[in-house]
Amino acid sequence: MSDLLNRVRDIGIIPVIKLNSVEQAVPLAKALIDGGIPAAEVTFRTEAAADGIKAIKEAYPEMLLGAGTVINKDYAKKAIDAGAEFIVSPGFNPEVVDFVLDNGVPMIPGVANPGQIEQALCKGLDCLKLFPAETLGGVAMLDALSGPFPNVKFMATGGINAKNMGEYLKRKNILAIGGSWMVKDDCELVTKLSKEAVANMHGFTLAHLGLNGADNDEAAQIAKQFEIFGFLGKEGNSSWFNNSLVDSTSFETMKGTGKGVHGHIGIKTWNIERALAYLKQFGINPDMSTAKYLGEEGKSPLKFVYTDMSIGGFAVHLNKA
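Residues numbered from 1 in each chain as written. Predicted model: local features only at pLDDT ≥ 70, side-chain atom pairs only at ≥ 80, totals over all residues. Heavy atoms only, no water.

Examining the sheet that holds strand β7 (residues 127-130)
Read from one edge of the open sheet, 9 strands run β5-β4-β3-β2-β1-β9-β8-β7-β6, paired in parallel fashion. Of all the strands in the sheet, the pair left with one neighbour each is β5 (107-108) and β6 (110-111). Direction of pairing for β7 relative to strand β8 (residues 153-156): parallel, over a ladder of 4 bridges. By the bridge assignment for β8, K129 is matched with M155. (Pairing = 2+ DSSP bridges. Helix = DSSP H or I, 4+ residues; strand = E, 2+ residues; numbered from the N terminus.)

Shown next, in the form of C-alpha cells:
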C-alpha cells in the first residue's frame, strides 16, 4: 500500500466537505485539524471546489487533501492542478481512472458491485470507495465482499455517521470511512464533533490485566485465587489465563517475570496500525521486536505489539480486536 493510502488508513476518517464559497475553506480546514482530523475530501459539487483546495493547501500544507465527486476528466484536471493529493469518484469511469493514473495521482474509484471491483483490479487498484455504503447493505456488504476479494480495502461513504462508524471501522477490509456528519456551519461544533469521532474511532477496550508471577507455582496459586471470584483458570505455555463466565474480562499471570515491573495491560483496538499512529502524538511508540501479524510475518495487519508505554509499573500492549 502506498504511503498516501497508509496516511488515509492512519487518519481513519475522511470528512466529505462541500464548499459553497472559497471563504469557507480555510476556517473549516482549521476546525477539522483542531478536532484531530487533518484530512478532507472536497467534493466537486460546487464551483468553489478547485479554489477551495488551493486555499487549504496554501494555509495548511500538512493537511491530507483529496478531491471527491470527480465524475469527468475536466474535474480531474482541475482537482490535480489545484493540488489534490488523491482523487475520489462516486462510480467507476475508466476514462477518469486512466487520466488520473496517467498523471501519477492516487485514484480511489467508487464501486457498488463485484463487477466494478474486478474492473478496478484490472487497473491495478485494490483500495476502492464503497458507495453508497448503507444503501448497498453496509457492513453486511463488506463482510460478503471480504470472501472473494480478501486483499481489497474500502473507503466506505454514504450513510455513515457517529452512531454506526464503529461497525465499519472494526471491519478488516476497511481502509477508512468518509462522512459529513461533523461538517457544520459552526466551526466550534465541527471541532467538537471531530474530537468525538476520533475518540470513538479506535474501539479501545480492556483485553486483560497481566500479572508477573515468580514461577509456575506462584502463577498457579494466583490463578486459583481468581477462581474464587468465578474467573476460571486455564494453563498455557508461559502463563495462566483466568476468564470470566459473565463477560470478556480476563486476567493473565506470567510463569515468571514478564514485561513491566508488575505486569502488563492488554488493550484491544480495531486497527493496531491506526492506533499506533494516534498514540505517536503522545510520544508512545511500538516495540516492533514483539510484533505479531495476522498473515505474513512482517506484513500488515498487526495482531499484537507491545508499546514503550508503562502505566503504574504495567507495560502496555495492543491486541487486534
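That covers the picture; the talk isn't over yet.
Considering unusual backbone geometry
In this chain, F131 is followed by P132 through a cis amide linkage whose omega measures -10°. Mapped onto the elements of the fold, P132 is located in the loop between β7 and α7 (133-136). Backbone torsion omega between S300 and P301 reads 15°, so that peptide bond is classified as cis. Turning to its location among the elements, P301 is positioned in the loop between β15 (286-293) and β16 (302-311). A positive phi angle, close to 55°, is found at T69, a residue other than glycine. Among the secondary structure elements, T69 is positioned in the loop between β3 (64-68) and α4 (73-82).

Considering the sheet that holds strand β12 (residues 239-244)
Pairing between sheet strands relies on hydrogen bonds along the backbone, with the strands arranged either parallel or antiparallel. The 8 strands are arranged β11-β12-β13-β10-β14-β17-β16-β15 in an open sheet whose pairing can be described as mixed. Looking along the sheet, the strands with just one partner apiece sit at the ends: β11 (231-235) and β15. Recorded for the sheet is a direction-independent mean angle of 25° between the axes of neighbouring strands. Here β16 runs beside strand β17 (residues 314-320); their pairing, made up of 5 bridges, is antiparallel. Note that in β17 the partner of V305 across the bridge is L318. Most of the contacts of helix α11 (residues 216-227) go to β12, to which it runs at about 5°, and overall it touches β10 (205-212), β11, β12 and β13 (250-254). Running over the sheet, helix α12 (residues 272-280) touches β14 (263-269), β15, β16 and β17 and is turned about 25° from β16. (Axes fitted to C-alpha atoms, helices over the stretch in contact; angles between N-to-C directions. Contact = heavy atoms within 4.5 Å.)

Remarks on helix α10 (residues 187-201)
Along an α-helix, residues three or four apart share an orientation, since each turn contains 3.6 residues. The end-to-end C-alpha distance of α10 is 21 Å, a good match for the 21 Å that 15 residues give at a rise of 1.5 Å each. Residues V190, T191, L193, S194, A197, V198 and M201 constitute the buried set of α10. Check the buried side of α10 and you find it contacts α1 (3-11), β1 (13-17), α2 (25-34), α9 (165-169) and α12. Downstream of α10 by a residue or two, G203 has a phi angle that is positive, lying close to 65°. (Expected span 1.5 Å × (residues − 1). Buried < 20%, exposed > 50% of the residue type's maximum accessible area, 1.4 Å probe, protein only.)

Thoughts on the packing of aromatic side chains
Applying the stated rule across the entire model yields 6 aromatic pairs. Taken together, a centroid distance of 5.1 Å and an interplanar angle of 80° make the contact between F231 and F251 edge-to-face. Highlighted residues: F231 in strand β11 and F251 in strand β13, separated in sequence by 20 residues. Of the two residues, F231 and F251, both sit in the buried class. Residues F304 and Y306 carry aromatic rings whose centres are separated by 5.6 Å and whose planes lie at 85° to one another, so their mutual orientation is edge-to-face. F304 sits in the buried class, given a relative accessible area of 17%. Y306 sits in the buried class, given a relative accessible area of 10%. (Phe/Tyr/Trp six-rings, centres within 6.5 Å; stacked < 30°, edge-to-face > 60°.)

Thoughts on the side chain of E273
One can find E273 in helix α12. The contact partners of E273, leaving out residues within four places of it in the chain, are R9, D10, S300, P301 and L302.

Some details on the environment of E134
Mapped onto the elements of the fold, E134 is located in helix α7. You can call E134 partly exposed: its relative accessible area is 38%. Linking E134 and W181, residues 47 residues apart in sequence, is a C-alpha distance of 14 Å. Ignoring any residue separated from it by four or fewer positions in sequence, one finds E134 in contact with G158, G159, I160, N164 and Y168.

Description of the environment of I14
Tracing the backbone through its elements, the reader meets I14 in strand β1. For I14, a relative accessible area of 0% gives the class buried. Each C-alpha atom, one on I14 and one on Y293, is 26 Å from the other, the two residues being 279 residues apart in sequence. Ignoring any residue separated from it by four or fewer positions in sequence, one finds I14 in contact with V8, A39, A40, E41, F86, M155, A176, I177, G178 and G179.

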